[in-house]
Amino acid sequence: MRTKLKNIGLIAAGLATGVFATLQFSAAAQQQTTTPLPLDQLRLFAEVFGQIKHDYVVPVDDKKLLTEAIKGMVSSLDPHSSYLDKTDYQELQEQTKGRFAGLGIEISQEDGLIKVISPIEDTPAFHAGIRPGDLITRINDKPVRGMTLDQAVKQMRGDPGTKVTLTIFRKTDDRTFPVTVTRAIIRVQSVKSKILAPGYAYVRITSFQERTVPDLATKLEDIAREQPNLKGFVLDLRNNGGGLLQSAVGVAGSFLQPGSVVVSTNGQIADSKQVYRDTYDNYRLPSFDSDPLKNLPEIYKTVPMIVLTNAYSASASEIVAGALQDQHRALIMGKTTFGKGSVQTVRPLTSDTALRLTTAYYYTPSGRSIQNKGIRPDVPVDQYADGDPDDALVTREVDYSNHLANTQDPNEKKEEEQREKDRMLQLQQLEEKNDKMTPEQREKERDRKPVEFGSADDFMLQQALDKLEGKPVQLSKSIAERKLAENKPPRSASAPVAVKPASAAAPAVPASAPSK
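The model shown is predicted, which means the values in this text are computed figures rather than measured ones.

**Some words on the side chain of Asn310**
Phase 1 of the analysis: Take Asn310: it is sitting in the loop between strand 18 (305–309) and helix 11 (316–326).
Phase 2 of the analysis: A polar atom in the side chain of Asn310 sits 2.8 Å from the side chain of Asn239.
Phase 3 of the analysis: Those residues within four positions of Asn310 in sequence are excluded, and the remaining contacts are Arg238, Asn239, Lys335, Thr336, Thr337, Phe338 and Phe453.

**Here's the deal with helix 12 (residues 412–435)**
Phase 1 of the analysis: The end-to-end C-alpha distance of helix 12 is 34 Å, a good match for the 34 Å that 24 residues give at a rise of 1.5 Å each.
Phase 2 of the analysis: Restricting attention to buried positions, one finds in helix 12 the residues Glu412, Glu416, Glu420, Arg423, Leu427, Leu430 and Asn434.
Phase 3 of the analysis: Of the surrounding secondary structure, the elements contacted by the buried residues of helix 12 are helix 13 (439–447).

**Details of helix 11**
An α-helical segment advances 3.6 residues per turn. Residues three or four places apart therefore align on the same side.
Phase 1 of the analysis: Among the eleven residues that make up helix 11, eleven are buried, leaving the element largely enclosed by the rest of the structure.
Phase 2 of the analysis: Of all the positions in helix 11, only Ala316, Ser317, Glu318, Ile319, Val320, Ala321, Gly322, Ala323, Leu324, Gln325 and Asp326 are classed as buried.

**Quick word on unusual backbone geometry**
Phase 1 of the analysis: Look at Asn140: it is not a glycine, yet its phi comes out positive at around 50°.
Phase 2 of the analysis: Structurally, Asn140 can be placed in the loop between strand 7 (135–139) and strand 8 (142–143).
Phase 3 of the analysis: A positive phi angle is found at Asp141, which is not glycine, with a value near 70°.
Phase 4 of the analysis: Inspection of the secondary structure assignment puts Asp141 in the loop between strand 7 and strand 8.
Phase 5 of the analysis: The exposed category is assigned to Asp141, whose relative accessible area is 57%.

**So, the sheet that holds strand 22 (residues 379–380)**
Phase 1 of the analysis: Read across the sheet, six strands follow the order 12-13-14-18-19-22 without closing on themselves; strand pairing throughout is mixed. One side of each edge strand has no neighbouring strand; the edge strands of this open sheet are strand 12 (191–197) and strand 22.
Phase 2 of the analysis: In the sheet, strand 14 (residues 232–236) pairs with strand 18 via four bridges, with the strands oriented parallel. If you follow Phe233 over to strand 18, its bridge partner there is Met305.

**Observations concerning the pattern of salt bridges**
Phase 1 of the analysis: One pass over the full model with this rule turns up 23 salt bridges.
Phase 2 of the analysis: Note that Arg204 and Asp236 form a salt bridge whose closest N and O atoms lie 3.2 Å from each other. You can see Arg204 sitting in strand 13 (residues 200–205) and its partner Asp236 sitting in strand 14, a full 32 residues away along the chain. Summarising the burial analysis for this pair, Arg204 and Asp236 share the class buried.
Phase 3 of the analysis: Where Arg368 meets Asp326, a salt bridge forms, and the shortest distance between an N and an O atom there is 2.8 Å. You can see Arg368 sitting in the loop between strand 21 (354–363) and strand 22 and its partner Asp326 sitting in helix 11, a full 42 residues away along the chain. We note that Arg368, like Asp326, is buried.

**Notes on the nonpolar core**
Phase 1 of the analysis: The biggest cluster of nonpolar side chains holds 49 residues, and the ones touching the most others in it are Phe233, Leu235 and Tyr300.
Phase 2 of the analysis: Once residues lying within four places of it in the same chain are set aside, the contact partners of Phe233 are Ala201, Val203, Leu220, Ile223, Phe255, Tyr300, Val303, Pro304, Met305, Ile306 and Leu468.
Phase 3 of the analysis: If you look at the next biggest cluster of nonpolar residues, it comprises 23 residues, including Ile105, Leu113, Val144 and Val164.

Procedures and definitions
Residues numbered from 1 in each chain as written. Predicted model: local features only at pLDDT ≥ 70, side-chain atom pairs only at ≥ 80, totals over all residues. Heavy atoms only, no water. Helix = DSSP H or I, 4+ residues; strand = E, 2+ residues; numbered from the N terminus. Polar contact = N/O pair within 3.5 Å; in protein donor to acceptor, adjacent residues only side chain to side chain. Contact = heavy atoms within 4.5 Å. Expected span 1.5 Å × (residues − 1). Buried < 20%, exposed > 50% of the residue type's maximum accessible area, 1.4 Å probe, protein only. Pairing = 2+ DSSP bridges. Salt bridge = Lys/Arg side-chain N within 4 Å of Asp/Glu carboxyl O. Core = buried A, V, L, I, M, F, W, Y, C linked by side-chain atoms within 4.5 Å.

So, in structure tokens, the structure goes:
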């Protein structure tokens, strides 16, 4: 049976994953509902509430009981909708600004344990060696089994400078060990750059924040001055879990011709039916004084370009990769992405609480939904030269128990069943390989450090540079990954909005439209 994830909590412990709207009221949030209230069900709710208050073994606080009821109602919808209490809402606003307190990990819950989705670069968790897929079994020697995700997160929270000891079970090594991490204020530098070789540049974006587009523009202008004869460019979106939609539109627009469609959205309400082009109105944020891309050198519209992705490239990352792929602007290299094709809108309820609600699906410029599918690479490449057998342990959107369906795929259920069969076979092969290892090989495997993206040891990046220089590329050893790359979803005729690229004179979408 597939191991399903029961819940996901990326707000409190790490970086918010997924596309959501600006932290403002929208017109739809202020409209009165016209749907009749289900009185019988509300009476039942009141009856249960009354019985708990009267009969439960110990007194229960009214506010706590009702808050948990609201959280349960919202989180049952899909993995990305949630009720944000005062702490959650404050942390969400801090994260989009690139500064928050914590360990620097994105987490979910699996089989009663806490699963690490990804450590955030340059954070205490990252430097402590915590890896994607690690399972946290104890927090300060307290077992996490039986804790809710919120309870586990609270155990990991604390003042900057204090320490927390996590007991980690690493499936790939089949071992359990403690890791002590010092809590800190997390300041995420979302844009990094370097020159790979004369004429070849590299930019890594770790998340899509308020400052991402201006910071990217600065890096690109610096590169153009340093390398006036730019011949190739690599954009690295690996392990980028998402961020603000405006930032994604601005990043994609840095490399697309003016007026190009980046993404469209569609849902029940009028505000959710939008087409986003790479115009300033669509990537403008309140902190901008002027268009950060207005002086961007024209070379970035035409220079040969490769985008690197992996299974942890999610949401806003997938919007950028999908736009550049559909507009034939860049080759996508690496692994199939996470597969989150929905949009979340954050709507304040009170001065310090909010509702994060899935309000739309999003579609790439050709009209395809990547929900549960991901962006499939044009050139499938492994992270390690000898292959990535641990890919069988990777968690994607489709693995969540209450994930949304892909409305464009009538065969989705059958494909999920086949995917699970393939994954079980891969797990069996991985176990057989591990059983044959000598003690020396096991120790070497345990001591192998995760690749530092952008370093000289980054095999996938080296393959990207080889491709740009016209050299041969070593394709992925994964049969499943190669099949996905060969069988991309066709251009869809069922996209709910017009998404054909438009000229620069096309009318702009208002800045108040949904964002992430």
